[in-house]
Amino acid sequence: MKKKILAIAILLVLVVSGFAGYQAGLIGSTSQVTSMAPSTSSSASTQTVVQSSSGQPIAGGAIQHVIIIVMENEGYGSVMGSPSAPYQNQLASQYALAANYFAVSHPSLPNYLAMVAGDTFGVTSDCLPAQCALPKTTITSLLDGKGLTWKEYAESMPANCSQTDSPDGLYVAKHDPFVYIDGITGNSGSGATSASCDSHVVPFSQFSKDLSSSNLPSYSFITPNLCDDAHSCALSTGDQWLSTVVPGIIKSSSFPTTALFIVYDEGSNNAGFGPNSGGQVVFILVSPFARPGYVSQVPYSHYSLLATVEAIFKTGNLGRNDATASVMSDLFSPPA
């Protein structure tokens, strides 16, 4: 009798153990599938890690060049679907689009500062560097610390590191955030230049030379002039400019390791979320690493752009809004 009871007890233990193992396997399998699935819900906006959802670095760490082109003063709805912007719409459908991306403020300058320094520093106007020079660090400080190269390419800039608007009005300092930073210019708003600034903040004409000679820096920040960025000319003018510049990047020998971001500085209203209230704007990732035809609904901002650059180059952050902004990892295809 005792042997029979013992056998039944052993049988019960085996049954219970097997069921528990099955449950554990089921839970583990579900967790794995969930972690691999790309998220487009707003909950993804809480992501602050510097890796993709698969746990791997963005694009498997293969990106060697980041190019940012900043266009001007058009809301998302004015560009997407517009017959005046066929090239941008083509890029958005072919590569990846952030359809819930917001500028952080008004007017232009604080948005440019946000993109490269993670804060607006209380700037609420388009003051000149002589009026509001900033002794602050930017993404360039992090890049320098990692031994990475960078340049600002400004179209129609009359001289390297120019800290005043050009006589023809096409180059404006407010669209060139790096000339506001004391650590780059070597002055406190006096207008004097330094050898470092002269070599890093250059006219846009230098860009094609660097691109064709495979001498593209790790980080390129491009500001078209006041007409070609669609600020003072028609949206179609800006779209035409992009259609002449971007194909050259795509055809270059550097493109296989490049992430090109096309973004507008501010929208036409105060729409946004959290500290971001500069209106909804277009943000397109053009890259062989982009998820083809992908449209993200995750809330992003200029701080997210900076956080994504930091994630790509593994620089760490500046400890400002970039430290808590969402990395835009869902725009990139998971590494093979």
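Cut-offs and rules
Residues numbered from 1 in each chain as written. Predicted model: local features only at pLDDT ≥ 70, side-chain atom pairs only at ≥ 80, totals over all residues. Heavy atoms only, no water. Salt bridge = Lys/Arg side-chain N within 4 Å of Asp/Glu carboxyl O. Helix = DSSP H or I, 4+ residues; strand = E, 2+ residues; numbered from the N terminus. Buried < 20%, exposed > 50% of the residue type's maximum accessible area, 1.4 Å probe, protein only. Axes fitted to C-alpha atoms, helices over the stretch in contact; angles between N-to-C directions. Parallel < 35°, antiparallel > 145°, perpendicular 65-115°, else oblique. Contact = heavy atoms within 4.5 Å. Nonpolar A, V, L, I, M, F, W, Y, C, P; charged D, E, K, R; others polar. pLDDT = per-residue confidence, 0-100. Phe/Tyr/Trp six-rings, centres within 6.5 Å; stacked < 30°, edge-to-face > 60°. Lys NZ or Arg CZ within 6 Å of the ring centre and 35° of its normal.

## Regarding the pattern of salt bridges
Then step 1. Inspection of every chain in the model, using the stated rule, returns two salt bridges.
Then step 2. Where Asp126 meets Lys174, a salt bridge forms, and the shortest distance between an N and an O atom there is 3.5 Å. In this pair, Asp126 is assigned in the loop between α4 (108-117) and α5 (129-132) and Lys174 in the loop between β4 (150-154) and α7 (182-185), connecting sequence segments 48 residues apart.
Then step 3. By relative accessible area, Lys174 is classed as buried at 18%.
Then step 4. The shortest N-O distance in the salt bridge between Lys151 and Asp210 comes to 2.8 Å. Of the two residues, Lys151 is situated in strand β4 and Asp210 in helix α9 (residues 205-212); the sequence distance between them amounts to 59 residues. Note on accessibility: Lys151 and Asp210 belong to one class, buried.

## A short note on the packing of helix α3 (residues 86-94) against helix α10 (residues 235-250)
Then step 1. Where α3 contacts α10, the two axes come as close as 7 Å, and the packing angle between them is 50 degrees. With respect to α10, the element α3 is oriented oblique. The residues of α10 that touch α3, namely those facing Pro86, Tyr87, Gln88 and Leu91, are Leu235, Asp239, Leu242, Ser243, Val246, Pro247 and Ile250.
Then step 2. Taken together, the residues that form the contact of α3 with α10 break down as eight nonpolar, two polar and one charged.

## A word on the confidence of the model for the protein
Where the model shows low pLDDT, its predicted coordinates should not be examined in detail.
Then step 1. The predicted model of the protein averages 86 in pLDDT, with 83% of residues at 70 or higher.
Then step 2. For the stretch residues 1-55, pLDDT sits under 50, and the model shows 35 contacts to residues farther than four places along the chain or on other chains.

## Notes on the packing of aromatic side chains
Then step 1. Throughout the structure, instances matching the rule amount to nine aromatic pairs.
Then step 2. A ring pair is formed by Tyr101 and Phe283, whose centres lie 4.7 Å apart and whose planes are at 20 degrees; its orientation type is stacked. Linking Tyr101 in strand β3 (residues 101-102) with Phe283 in strand β8 (residues 283-286), this pair joins segments that are 182 residues apart in sequence. With respect to class, Tyr101 is no different from Phe283; both count as buried.
Then step 3. Each ring, one from Phe261 and one from Phe283, has its centre 5.4 Å from the other, and the planes form 35 degrees; the classification is tilted. Of this pair, Phe261 sits in strand β7 (residues 258-264) while Phe283 sits in strand β8, and the two are 22 residues apart along the sequence. With respect to burial, Phe261 and Phe283 carry one shared label: buried.
Then step 4. Here the aromatic cluster, defined as three or more aromatic residues joined through ring pairs, consists of Tyr112, Trp150, Phe178 and Phe221.
Then step 5. Positioned over the ring face of Tyr294 is Arg291, at 4.0 Å from the centre of the ring.

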